[in-house]
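One letter stands for each residue in the lines below.
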Amino acid sequence: MVMAIAMESQQPQQKASAEGATEKKRWTLGDFDIGKPLGRGKFGHVYIAREKRSNHVVALKVLFKSQLKQSQVEHQLRREVEIQSHLRHPNILRLYGYFYDQKRVYLILEYAAKGELYKELQKCKYFTERRSATYVASLARALIYCHGKHVIHRDIKPENLLVGSQGELKIADFGWSVHTFDRRRTMCGTLDYLPPEMVESVEHDASVDIWSLGILCYEFLYGVPPFEAEEHSDTYRRILQVDLKFPPKPVVSAAAKDLISQMLVKDTSKRLPLHKLLEHPWIVQNADPSGVYRG
Ligand SMILES: Nc1ncnc2c1ncn2[C@@H]1O[C@H](COP(=O)(O)OP(=O)(O)OP(=O)(O)O)[C@@H](O)[C@H]1O
């Protein structure tokens with residue numbers, strides 16, 4: 001999708017660069033026609049909106065500064081904006097830009113016409129193998145892209161996935177994501193002096209997303225996450241023991257179970273790398289090559 005106008009994250013006070021690049025546009029609420037509410041989150045509301053000059057439809061997320069402050073999540077939001085605005089992938093929700101006024105912060109987001117995936121999952125109870133594999137493959141590709149940019153999502157779950165107009169999955173909510181360069185810099189000052197084990201720890205950290213994708217794959221196929229229990233303490237125990245069980249119903253193929261078992265491995269270095277996941281027979285045989293589940 002080509003935007004008629006460039007929407008970039010911007011500092012309202014941004015000046016022309018030394019190279020003489022033009023000053024970026026500052027967004028205001030007046031640039032948008034606001035439509036119906038799409039939903040509400042912890043810190044504000046999301047509305048469908050149309051950018052007046054381009055007619056481009058977006059989702060405008062309105063967050064109240066007072067609530068962000070109260071919950072001490074301003075730092076997290078800043079990181080989310082910084083990370084998400086630099087990512088460009090068909091399966092990652094675009095963050096086109098942001099602006100603010102005295103009371104609110106506004107995020108200009110890509111509009112995901114088919115809404116939340118977890119509602120679909122609730123409706124269907126569980127997904128077919130073709131649908132699950134198509135979703136898992138598209139998420140693996142998006143995460144390979146993120147990891148290549150040293151971004152780890154760390155919070156992959158159905159609630160953070162939206163569905164685009166063509167049925168394509170969009171990873172949203174980068175609130176818990178980290179840019180591993182940031183961590184490395186804060187830990188050691190400069191990258192050049194990093195020993196191999198610390199360079200490796202980046203890969204190591206990225207494996208949290210492989211685990212979460214394994215949990216998600218299980219939940220797609222069975223309708224519930226694998227380590228669910230009545231008490232939190234039991235869930236903890238089951239996770240730590242990797243107490244993975246495959247119930248007889250719904251019937252799930254041995255190939256799908258094999259893939260899940262290779263992702264939900266305690267030793268982070270032994271989890272199936274995402275590029276290998278894409279070559280796994282269950283993915284190859286079931287995922288739609290277009291990357292889109294068409295129902
Ligand atoms: N880009 C979007 N396109 C379409 N619908 C959206 C979009 N972003 C959010 N929504 C809808 O608005 C609801 C609220 O979104 P929001 O991101 O504020 O909250 P949340 O992720 O549910 O909660 P939290 O405040 O915990 O992050 C979502 O559940 C979804 O239904």
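Above this note sits the structure.
Owing to the predicted nature of the structure, the values given are computational and were not obtained by experimental measurement. (Residues numbered from 1 in each chain as written. Predicted model: local features only at pLDDT ≥ 70, side-chain atom pairs only at ≥ 80, totals over all residues.)

Asks: Give me the overall build of the chain: which residues, what numbers.
Replies: What the chain contains, in helices and strands, is ten helices and nine strands. Out of the 295 residues belonging to the chain, those deemed buried represent 31%. Within the chain, contacts between residues at least 6 apart in sequence are counted, and of these 64% link residues at least 24 apart. (Helix = DSSP H or I, 4+ residues; strand = E, 2+ residues; numbered from the N terminus. Buried ≥ 20, exposed ≤ 12 C-beta atoms within 10 Å, placed from the backbone. Contact = placed C-beta atoms within 7 Å.)

Asks: Would you mind going over the site of the ligand in detail, with residue names and values included?
Replies: In the region of the ligand, 18 residues are neighbours, and Gly 39, Gly 41, Lys 42, Val 46 and Ala 59 sit closest. Looking at the shell around the ligand, the elements that each hand over two or more residues are strand 1 (32-40), strand 3 (57-64) and strand 5 (104-110). No other element matches strand 1, which puts three residues into the shell around the ligand. Residue composition of the shell around the ligand, by class: nine nonpolar, three polar and six charged. (Near = placed C-beta within 6 Å. Nonpolar A, V, L, I, M, F, W, Y, C, P; charged D, E, K, R; others polar.)

Asks: Explain the nonpolar core to me, using residue names and the numbers behind them.
Replies: Core analysis: the largest hydrophobic core is formed by 63 residues, its most contacted members being Ile 108, Val 136, Leu 139, Leu 213 and Cys 217. The contacts of Cys 217, once residues within four sequence positions are left out, are Ser 132, Val 136, Leu 259, Ile 260 and Met 263. (Core = buried A, V, L, I, M, F, W, Y, C linked by C-beta atoms within 7 Å.)

Asks: Help me get a handle on the sheet that holds strand 4 (residues 95-100), residues and values and all.
Replies: Ordered by their spatial adjacency, five strands build an open sheet running 1-2-3-5-4, and the pairing between neighbours is antiparallel. The open sheet terminates on both sides in strands that have one partner only, identified here as strand 1 and strand 4. Pairs of neighbouring strands in the sheet enclose a mean axial angle of 25 degrees, with direction left out of account. Relative to strand 5, strand 3 is paired through seven bridges, and the arrangement is antiparallel. (Pairing = 2+ DSSP bridges. Axes fitted to C-alpha atoms, helices over the stretch in contact; angles between N-to-C directions.)

Asks: Let's hear about the pairing of strand 1: which residues, and what values?
Replies: In terms of burial, strand 1 is a largely surface element, zero of the nine residues being buried. For strand 1 and strand 2 (residues 44-51), the ladder comprises six bridges, and the chain directions are antiparallel. From the neighbouring strand, Asp 33 faces strand 2, where its bridge partner is Arg 50. Linking two consecutive strands that pair antiparallel, namely strand 1 and strand 2, is a turn of three residues.

Asks: Residue-level account of the environment of Pro 90, with values.
Replies: Secondary-structure assignment places Pro 90 in the loop between helix 2 (74-84) and strand 4. According to the C-beta neighbour criterion, Pro 90 is partly exposed, with 17 such atoms within 10 Å. It is 9.5 Å that separates the C-alpha atoms of Pro 90 and Gly 164, two residues lying 74 residues apart in sequence.

Asks: Let's hear about helix 8 (residues 254-263): which residues, and what values?
Replies: A turn of α-helix holds 3.6 residues, and therefore any two residues three or four places apart point the same way. What helix 8 keeps buried is the set Ala 256, Leu 259, Ile 260 and Met 263. Along helix 8, the residues classed as buried sweep out an arc of 95 degrees about the axis, all on the same side. (Arc of directions from axis to C-beta.)

Asks: How would you summarise the pairing of strand 5 if you had to cite specific residues and measurements?
Replies: For strand 5, a buried count of six out of seven residues is recorded, marking the element as mostly surrounded by other parts of the structure. Hairpin connection, strand 4 to strand 5: the antiparallel pair is bridged by three residues.

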